[in-house]
Number of protein chains: 2
Amino acid sequence: MAAQRLPSDVKPGAREHLMDAASNLMCERDTLDISLNEIALRAGVNSALVKYYFGNKLGMMIALLDRNLAKSIEQVKGLVEMNISPSQKMRIHVKGIMRLYFQYPYMQRLLVAVMRDAPEDVAQDVANRLIRPMADAQAAILASGAASGDFREVDPKLFYFAVIGACDQIFSARLVMNYVHGIDGLDEDLQRAYVEEISRMVMGGLRH
Amino acid sequence: MAAQRLPSDVKPGAREHLMDAASNLMCERDTLDISLNEIALRAGVNSALVKYYFGNKLGMMIALLDRNLAKSIEQVKGLVEMNISPSQKMRIHVKGIMRLYFQYPYMQRLLVAVMRDAPEDVAQDVANRLIRPMADAQAAILASGAASGDFREVDPKLFYFAVIGACDQIFSARLVMNYVHGIDGLDEDLQRAYVEEISRMVMGGLRH
């Protein structure tokens, strides 16, 4: 049984500490390439706990994605059911994605990396649980907007990539901000301006 | 002198073969993580030639970026000077980015990875030579469109990330197409549809 392998020096909350450490290191260093030893050192726990709690590094990354995305997935499902216009839903959805990425700038890169590194059945499961709900919600909002005449007809498959890519790039390519514009980090004004820019682009693209 | 270290078994065109091999492997495997040995094996040349021609792997990747982007950078500079409307320029520009990414789907990821891995002065040089011309051209087209009244006022810094991200994501996250939509690879119809989708979004976002 797994519990028998629990090291004797385990601290309360070690599982959460490991995920927090991985998340913080990926944010700080702007890369997914963090070793298990670095994560354990930051968390202040024995790296053997990764095996105990998550099986391996991939398992920990999937657990982190699950944790980070749980609230967003619940919210986007609720959003579809709300009694507001498709345009309002779409604006709220775009803001929600950006809020998620401001909190976890590595999110989209990690999702894709996990799907690439995982065995096919695990990757399929990650896609089903963590990407499909977002894609389905977008498709539902697009369909209701097309039905009400608010939006033109849009292929939701393509819409997903366009919107996610536009939202994500300022995080994935944040070094461009440093080296081309001499700006280090996204302050609140820049964050707000980017959300506004993406919203205008997405909503403008849905007009007839 | 470098020429003295040229291995005796060098084939004509070995420098190009190495860059082609690196490019093809990154396309096929949908990752930047390709070893020097794999590249040399695919190119059919001795891996010592990487050191001879490029200094190291980073040098080879920068040479590949230079080669891949040379034509696009020349074209986008010419586009700014053309005697057509800002809207026409922007549509042509978006199509140009997409054509570049269809040919080299790893392009944007490699640019960012190279900036992250390179010493700061090298990263700055890469940004100046390979990103700034694109960003400057976009800024010029946006400014002329705002001056003529065709576009609303847009911050070109933010516009760059939104457009590049929207164009890039279908390549960076192509596994989403596999696992969520069961579609393996982008055929010509899907490519055309995506270019149209991004164009509508970008142009829609520039309207008043």
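Everything below is about the structure shown above.
Before going into details, it helps to say that this report is about the structure given with it. (Residues numbered from 1 in each chain as written. Chains lettered and ligands numbered in written order. Predicted model: local features only at pLDDT ≥ 70, side-chain atom pairs only at ≥ 80, totals over all residues. Heavy atoms only, no water.)

On to the overall build of chain A, then. Looking only at helices and strands, chain A has 10 helices and 0 strands in total. Shown N-terminal to C-terminal, the secondary structure of chain A runs as helices and strands in the order α-α-α-α-α-α-α-α-α-α. Oriented by its inertia axes, the alpha-carbon framework of chain A measures out at about 65 × 45 × 30 Å. Counting all 208 residues of chain A, 50% fall into the buried class. Taking the contacts inside chain A whose residues are at least 6 apart along the sequence as the reference set, 72% of them involve residues at least 24 apart. Of the accessible surface of chain A, which amounts to about 9400 Å², a share of 50% is contributed by carbon and sulfur atoms. (Helix = DSSP H or I, 4+ residues; strand = E, 2+ residues; numbered from the N terminus. Buried < 20%, exposed > 50% of the residue type's maximum accessible area, 1.4 Å probe, protein only. Contact = heavy atoms within 4.5 Å. Areas by Shrake-Rupley, 256 points an atom, 1.4 Å probe, with all protein chains shown as cover.)

One copy of the chain maps onto the other through a rotation about an axis plus a displacement along that axis. Between chain A and chain B, the superposition needs a rotation of 180° and an axial shift of 0.0 Å, giving an RMSD of 0.0 Å. In short, the pair behaves as if placed about a two-fold rotation axis. A shared binding surface is used by both copies, with 100% of the interface residues of chain A retained as interface residues in chain B. (Least-squares fit on C-alpha atoms with pLDDT ≥ 70 in both.)

Right, let's talk about the packing of aromatic side chains for a bit. All names here are of chain A. All chains considered together, the criterion is met by 12 aromatic pairs over all chains. Seen from their ring centres, Tyr101 and Phe171 are 6.1 Å apart, and the 80° between their planes marks the pair as edge-to-face. Within this pair, whereas Tyr101 is found in helix H5 (residues 86–103), its partner Phe171 is found in helix H8 (residues 156–172), the two being separated by 70 residues in sequence. Classification of Tyr101 by relative accessible area gives buried; the value is 3%. Aromatic rings pair up to connect Tyr52, Tyr53 and Phe54 into one cluster. (Phe/Tyr/Trp six-rings, centres within 6.5 Å; stacked < 30°, edge-to-face > 60°.)

All names here are of chain A. Over its 25 residues, helix H4 (residues 57–81) extends 36 Å from the first C-alpha to the last, a length consistent with the 36 Å expected when each residue adds 1.5 Å. Remark: the principal bend of H4, roughly 45°, maps to Leu69. Within the span of H4, buried status applies to Met60, Met61, Ile62, Ala63, Leu64, Leu65, Asn68, Leu69, Ser72, Ile73, Val76 and Leu79. Of the residues that open H4, the one with a side-chain oxygen 3.2 Å from the backbone nitrogen of Leu58 is Asn56. (Expected span 1.5 Å × (residues − 1). Bend = angle between axes of the 7 residues up to and from the residue. Polar contact = N/O pair within 3.5 Å; in protein donor to acceptor, adjacent residues only side chain to side chain.)

Here we take up the interface of chain A and chain B. A common way to express how large an interface is: the accessible area buried when the components associate. Contacts between the two partners involve 51 residues from chain A, matched on the other side by 51 residues from chain B. When residues of chain A are sorted by the area they lose upon contact with chain B, Phe161, Tyr179 and Met201 of chain A head the list and together hold 18% of the total. Counting the contacts that link chain A with chain B gives 4 salt bridges. Residue Glu197 of chain B pairs with Arg152 of chain A through a salt bridge whose shortest N-O separation is 3.2 Å. Counting every contact that joins chain A to chain B gives 14 residue pairs in polar contact (both at pLDDT 80 or more). Ranked by residues supplied to the side of chain A that touches chain B, first place goes to H8 of chain A with 14 residues. Among the residues forming the side of chain A that touches chain B, the class breakdown is 29 nonpolar, 11 polar and 11 charged. (Buried area = accessible area lost by both parts, 1.4 Å probe. Salt bridge = Lys/Arg side-chain N within 4 Å of Asp/Glu carboxyl O. Nonpolar A, V, L, I, M, F, W, Y, C, P; charged D, E, K, R; others polar.)

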